[in-house]
Amino acid sequence: MPPLSQPNLASAAFKADPFPFFARLREEAPAFRARLPNGKPAWLVTRYDDAVAALKDERLLKDPRTAARGGGKPPWVPGLLRPLTRNMLDLDGADHARLRRLVHKAFTPRRVEELRGRIERICERLLDDALRRGGFDLVSSYALPLPVTVIAELLGIPPEDGRRFHRWSNRMVTVTSAAGLLRALPALWGFTRYLRALVARRRTSPGDDLVSALVQAEEAGDQLDEDELLAMITILLIAGHETTVNLIGSGTLALLTHPGEMERLRGDASLLTSAVEELVRYTSPVMLATERYAAEDVELAGTPVPRGGQVLVALASANRDAHVFSDPDRLDLGREPNRHLAFGQGIHYCVGAPLARLEAQIALSALLRRAPGLRLRTSPGALRWKGGVFLRGLRELPVAG
């Protein structure tokens, strides 16, 4: 075989089918020293057992500033972006636990289940509009507005601002270079300006929403400062819809390209729960877990990683590891057991996983019921994928119902 080459992990071409590359890494270089689009190195952890270990390894820190105290240099962050860095994804230990406690109660399975009726109504309305047109883009007409509407309502953001939030968040999650960051600064400025105004309104006129609850927690002395408040709202907005958009879009594509499995699900509603677990494993909407930094010299999968080195756990690779999943490249909507890592592992396990699961279950069930003749309006190879290092999702999915 030819020697391993350095792929552009953030490119749309790589996102279209990263799985053969990850399969080679699992066999030949399970902790591969990759080069990121910004030119910096990062070690990709690709085997399932190694991924689980890395996600739980207390020597691999989320906060680059903490890791830098043990060696290495923290990444430069522009002043406009610094208030947003005090979020759950980038903190460790007690700081992470404190922030997570504040939002966990909003995403418990019981609280999420209470949203079922509202999610069902949103899906029906969106499908009414989309199917009336005959041909439509499933991403922009269905997969996107559903989670945007749900998370905006949870946070108390007016529905008319949902599309703006997606544009802002999409600009931020697809930044892969210094030049890209500069181009994203207007979106960052608009985003933080809007959030500060929203927080100010909730201080004087609180409502029955999550932003009001977070403001009240801050004012009650629950150690949530202004920057942490902004960062918390930001991460909930972005993580609360970007990954679900990818799951519904890529999951629908997987069904359309596996018509036997699609008909299997259409004919057996009891498969719905396991089907979503299999689709999230098979498509891996989060291709790489967000970065971790080695607080000391460590060895991962037999490969030395220096102190301060950046580590990226390849969830999309771990989810196709043949040592854990039988015939891992096959879509099996009834797969049991299915110990995928799509929502992470350890203390940073996705707090919004119950909501993402429910939204995907309802969205796919309604789509199959309402559009029995659903089909692609182009070839799979002609589809465009979004860029960016961490997430994996379609730009659009043209279908006819």
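For the structure itself, look to the data block above.
It should be emphasised that the depicted structure is a prediction, and the values quoted were computed from it without experimental measurement.

Draft legend 1. Summary view of the pattern of salt bridges. Evaluated as defined, the whole model comprises 24 salt bridges. Residues participating in the shared-partner salt-bridge network are Glu-261, Arg-264, Asp-327, Arg-330 and Asp-332.

Draft legend 2. Main features of the sheet that holds strand β3 (residues 60-61). Here we have five strands laid out as an open sheet, ordered β1-β2-β8-β5-β3, and mixed in their pairing. Two strands in the sheet have a free side with no partner beyond their single neighbour: β1 (31-35) and β3. Where strand β5 (residues 292-294) meets strand β8 (residues 310-313), two bridges bridge the pair, whose relative direction is antiparallel. For Tyr-293, the partnering residue across the bridge sits in β8 and is Gln-310.

Draft legend 3. Here's a closer look at the packing of helix α14 (residues 242-256) against helix α18 (residues 353-370). Axis separation between α14 and α18 bottoms out at 10 Å; the angle between their running directions is 40°. Looking at the two axes, α14 sits oblique to α18. Our pair here, α14 against α18, has a crossing hand that is right-handed. On α18, the residues touching Thr-244, Leu-247, Ile-248, Thr-252 and Leu-255 of α14 are Ala-356, Glu-359, Ala-360, Ala-363, Leu-364 and Leu-367.

Draft legend 4. Region of the structure containing helix α13 (residues 226-239). Here α13 contains 14 residues, and its C-alpha end-to-end distance of 20 Å stays within 8% of the 20 Å for a straight helix at 1.5 Å per residue. A large share of α13 lies buried, amounting to 11 of its 14 residues. Those residues of α13 that sit buried are Glu-228, Leu-229, Leu-230, Ala-231, Met-232, Ile-233, Thr-234, Ile-235, Leu-236, Leu-237 and Ile-238.

Draft legend 5. How the structure looks around the environment of Val-276. Note on placement: Val-276 falls in helix α16 (residues 272-283). For the pair formed by Val-276 and Gly-334, sequence separation is 58 residues and the distance between their alpha carbons is 9.7 Å. If near-sequence neighbours (up to four positions away) are discounted, Val-276 is found in contact with Leu-247, Arg-357, Ala-360, Gln-361 and Leu-364.

Draft legend 6. Structural context of the packing of aromatic side chains. Applying the stated rule across the entire model yields six aromatic pairs. On the basis of an interplanar angle of 85° and a centroid distance of 5.8 Å, the ring pair of Phe-14 and Phe-22 is categorised as edge-to-face. Across this residue pair, the class does not change: Phe-14 and Phe-22 are buried. One aromatic cluster is present, built from ring pairs that chain together Phe-14, Phe-21, Phe-22 and Phe-32.

Draft legend 7. Main features of helix α2 (residues 19-28). Phe-19, Phe-21, Phe-22, Arg-24, Leu-25 and Arg-26 are the residues of α2 that are buried. At its buried positions, α2 is contacted by α1 (12-16), β1, β2 (41-45), α16 and α17 (315-318).

Draft legend 8. Here's a closer look at the sheet that holds strand β4 (residues 135-137). Reading across from one edge, β4-β10-β9 is the order of the three strands in this open sheet, with antiparallel pairing throughout. Looking at which strands have only one partner, the edges of the open sheet turn out to be β4 and β9 (375-376).

Draft legend 9. Fine view of the pairing of β1. Two strands pair when backbone bridges link them, and β1 and β2 are joined in this way by five bridges, in the antiparallel orientation. Paired with Arg-35 across the strands is Pro-41, a residue of β2. Adjacent in sequence and paired antiparallel, β1 and β2 are bridged by five residues, among which Gly-39 carries a positive phi angle near 90°.

Draft legend 10. How the structure looks around the side chain of His-340. Here His-340 is to be found in the loop between α17 and α18. A polar atom in the side chain of His-340 sits 3.1 Å from the backbone nitrogen of Ala-342. The residues contacting His-340, other than those within four sequence positions of it, are Glu-277, Val-280, Arg-281, Asn-319, Phe-325 and Arg-357.

Draft legend 11. Main features of the environment of Asp-57. Following the sequence through the fold, Asp-57 ends up in the loop between α3 (48-56) and β3. A residue is classified by how much of its surface remains accessible, and Asp-57, at 16% relative accessible area, is buried. Between the C-alpha atoms of Asp-57 and Arg-292, which are 235 residues apart in sequence, the distance is 9.9 Å.

Draft legend 12. How the structure looks around the nonpolar core. In terms of nonpolar packing, the biggest core is built from 88 residues, with Ile-119, Leu-138, Tyr-142, Leu-146, Leu-214, Leu-236 and Leu-237 touching the most fellow members. Among the elements that take part in this core, α18 stands out by supplying 11 residues, more than any other. Among the nonpolar cores identified, the runner-up in size contains 22 residues, and Ala-51, Val-313, Leu-315 and Leu-341 belong to it.

Draft legend 13. Region of the structure containing unusual backbone geometry. Cis geometry is adopted by the peptide bond preceding Pro-337, which originates at Glu-336 and carries an omega value of -5°. Here Pro-337 is to be found in the loop between α17 and α18. Of note in this structure, Ser-284 is not a glycine but carries a positive phi near 45°. Residue position: Ser-284 is located in the loop between α16 and β5. Here Ala-301, not a glycine, exhibits a phi torsion of approximately 50°, which is positive. Along the chain, the position of Ala-301 falls in the loop between β6 (298-300) and β7 (303-305).

Draft legend 14. Main features of the pairing of β8. Neither face of β8 is left uncovered, since the one carrying Gln-310 and Leu-312 and the one carrying Val-311 and Val-313 both have all their residues buried. Bridge count between β2 and β8: three bridges; the pairing is parallel. Residue pairing in the sheet places Trp-43 in a bridge with Val-311 of β8.

Quick notes on the rules
- Residues numbered from 1 in each chain as written.
- Predicted model: local features only at pLDDT ≥ 70, side-chain atom pairs only at ≥ 80, totals over all residues.
- Heavy atoms only, no water.
- Salt bridge = Lys/Arg side-chain N within 4 Å of Asp/Glu carboxyl O.
- Pairing = 2+ DSSP bridges.
- Helix = DSSP H or I, 4+ residues; strand = E, 2+ residues; numbered from the N terminus.
- Axes fitted to C-alpha atoms, helices over the stretch in contact; angles between N-to-C directions.
- Parallel < 35°, antiparallel > 145°, perpendicular 65-115°, else oblique.
- Left-handed = near helix turned anticlockwise from the far one by under 90°.
- Contact = heavy atoms within 4.5 Å.
- Expected span 1.5 Å × (residues − 1).
- Buried < 20%, exposed > 50% of the residue type's maximum accessible area, 1.4 Å probe, protein only.
- Phe/Tyr/Trp six-rings, centres within 6.5 Å; stacked < 30°, edge-to-face > 60°.
- Polar contact = N/O pair within 3.5 Å; in protein donor to acceptor, adjacent residues only side chain to side chain.
- Core = buried A, V, L, I, M, F, W, Y, C linked by side-chain atoms within 4.5 Å.

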